[in-house]
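Examination of the molecular architecture
The primary structure of each chain is shown beneath.
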Amino acid sequence: MSLHRLAHLPTPTWPVALQQHPVFAAALGYLGIEQRCLGWADPGNDGAVLVMRRRFGPFRLDVASRAHLPQMAAQDLAHWRTGGIGAFSITPETNTQITGSLPVATPAHVAEWDLTQAPNARRAALSGAFRTALRKAESGAIKTRAFVPSRDSLLTTLACDAAQQRRKGFRALPAHLVLACHTVKPAALLLFQAYQKHNVLAEVLVIMHPPAATYHLGWTSPEGRNAQAMNLLLWQAANMLADRGVERFDLGLVATDRSPGLARFKLSTGARVRPLGPTRFIGPLTGVLSRFARQTPCATA
């Protein structure tokens, strides 16, 4: 198996992460971020990977995030070079072993909601607490709507989320990348709102990258929290996405140590937790260092 350059990232026929979808590649291109699309051909296992390139003077750093790579393609990717001094950072979707690489970050875990189930089966898979909150919201006075946001409404939503990030101390996909996705394909974004009269109580923003979609952000006011608006919006988003042929709803990272409440909320949907592969670094001397690390015995007390 050998890698070859592709003119563009092909549209996937199975669910892939947003970072490996043509919508994301187009957004990077709009922002002027250098990228490479590499493909491989293997009987029954063709595929492609999007690689971002950052330059720091003569040094370059290639980054492949959330890449679905078979073993041989990962190994070829680790040795792919186009000249110059540089290094490679790869975060594979699974724990793919790459000879000559050094793991630099432990595997993260993501929550993935299977939307191929029938609606009644999907509802039955909700936790008891989620179903109770959902029934309260469905019988309450709040109303909901879903629409492709305008740039102005998107900016307002992103500003609310930025304030929430500062308050709670977490990070999400940068706002300029979300705006770039909206610029290159406005219909890829869906905004779900819960409201009473003219007051917005809660919002959920989804980025679609068929046949998957990603939960990008959600915020709620105290009134929305009391009305269980987030449960209702997330449930309605899942149903609408399923009706549009989305097979997997990516709910993002599950960090039980930093955000246990958010992790419980995501998993109460019936979403499954899946570990990603560790982030691996390939650069000058990493082959020697990785062999040394394997050969060095652990210190004992």
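Described below are features of the structure shown in this document. Keep in mind that what you see is a predicted model, and the values were worked out from it rather than measured. (Residues numbered from 1 in each chain as written. Predicted model: local features only at pLDDT ≥ 70, side-chain atom pairs only at ≥ 80, totals over all residues. Heavy atoms only, no water.)

Turning to the packing of helix α4 (residues 128–138) against helix α8 (residues 229–243), a few remarks are in order. Two measures define how a pair of helices packs: the angle their axes make with one another and the distance between the axes. Where α4 contacts α8, the two axes come as close as 8 Å, and the packing angle between them is 95°. In terms of orientation, α4 and α8 fall into the roughly perpendicular class. Along its contact with α4, which presents Phe 130, Ala 133, Leu 134, Ala 137 and Glu 138, the element α8 presents Asn 231, Leu 232 and Trp 235. Of the residues belonging to the contact of α4 with α8, the class tally is 6 nonpolar, 1 polar and 1 charged. (Axes fitted to C-alpha atoms, helices over the stretch in contact; angles between N-to-C directions. Helix = DSSP H or I, 4+ residues; strand = E, 2+ residues; numbered from the N terminus. Parallel < 35°, antiparallel > 145°, perpendicular 65-115°, else oblique. Contact = heavy atoms within 4.5 Å. Nonpolar A, V, L, I, M, F, W, Y, C, P; charged D, E, K, R; others polar.)

A few words on helix α6 (residues 175–184). Those residues of α6 not exposed but buried are Leu 177, Val 178, Leu 179, Ala 180, Cys 181 and His 182. The inward-facing, buried residues of α6 contact α1 (22–30), α5 (151–168), β9 (189–196), β10 (199–209) and β11 (212–220). (Buried < 20%, exposed > 50% of the residue type's maximum accessible area, 1.4 Å probe, protein only.)

To continue, consider α8. Between its terminal C-alpha atoms α8 stretches 21 Å, which fits the 21 Å expected from 15 residues at 1.5 Å a residue. Taken across its 15 residues, α8 has 12 buried, putting it largely inside the fold. By the burial criterion, the buried members of α8 are Ala 229, Met 230, Asn 231, Leu 232, Leu 233, Leu 234, Trp 235, Ala 237, Ala 238, Asn 239, Leu 241 and Ala 242. A positive phi of about 90° marks Gly 245, the residue just after α8. (Expected span 1.5 Å × (residues − 1).)

Another aspect to go through is the packing of aromatic side chains. Throughout the structure, instances matching the rule amount to 2 aromatic pairs. Between the aromatic rings of Trp 113 and Phe 249, the centroid separation amounts to 6.1 Å while the plane-to-plane angle is 10°, which identifies the pairing as stacked. Of this pair, Trp 113 sits in strand β7 (residues 109–114) while Phe 249 sits in strand β12 (residues 248–253), placing them 136 residues apart in sequence. What makes Trp 113 buried here is its relative accessible area of 2%. Owing to a relative accessible area of 0%, Phe 249 belongs among the buried residues under this scheme. Pairing Phe 130 with Phe 265 gives two aromatic rings, centres 5.9 Å apart and planes at 25°, and the pair type is stacked. Remark: Phe 265 occurs in helix α9 (residues 260–267) and Phe 130 occurs in helix α4; sequence separation between them is 135 residues. Classification of Phe 130 as buried rests on a relative accessible area of 1%. When the ring centre of Tyr 195 is taken as origin, the NZ or CZ atom of Arg 145, which lies over that ring, is 4.0 Å away. (Phe/Tyr/Trp six-rings, centres within 6.5 Å; stacked < 30°, edge-to-face > 60°. Lys NZ or Arg CZ within 6 Å of the ring centre and 35° of its normal.)

It is worth spelling out the side chain of Asp 62 at this point. Tracing the sequence through the fold places Asp 62 in strand β4 (residues 59–67). Note on Asp 62: relative accessible area 0%, which makes it buried. A polar contact is formed between the side chain of Asp 62 and the side chain of Arg 53, at a distance of 2.7 Å. (Polar contact = N/O pair within 3.5 Å; in protein donor to acceptor, adjacent residues only side chain to side chain.)

What follows concerns the pairing of β4. Summarising the sheet, strand β3 (residues 47–56) and β4 pair through 5 bridges and their orientation is antiparallel. Among the inter-strand pairings, Met 52 is bridged to a residue of β4, identified as Val 63. Linkage of β3 to β4, two consecutive antiparallel strands, is achieved through a turn of 2 residues, within which Gly 57 is found at a positive phi near 65°. (Pairing = 2+ DSSP bridges.)

Strand order in the open sheet made by the 7 strands is β8-β9-β10-β11-β12-β7-β13, with mixed pairing throughout. The open sheet has two edge strands with one neighbour each: β8 (143–147) and β13 (272–275). Direction aside, neighbouring strands of the sheet carry axes that sit 30° apart on average. In the sheet, β8 pairs with β9 via 5 bridges, with the strands oriented antiparallel. Residue pairing in the sheet places Thr 144 in a bridge with Ala 194 of β9. Strands β7, β8, β9, β10, β11 and β12 of the sheet are contacted by α8, whose axis makes an angle of about 30° with β10.

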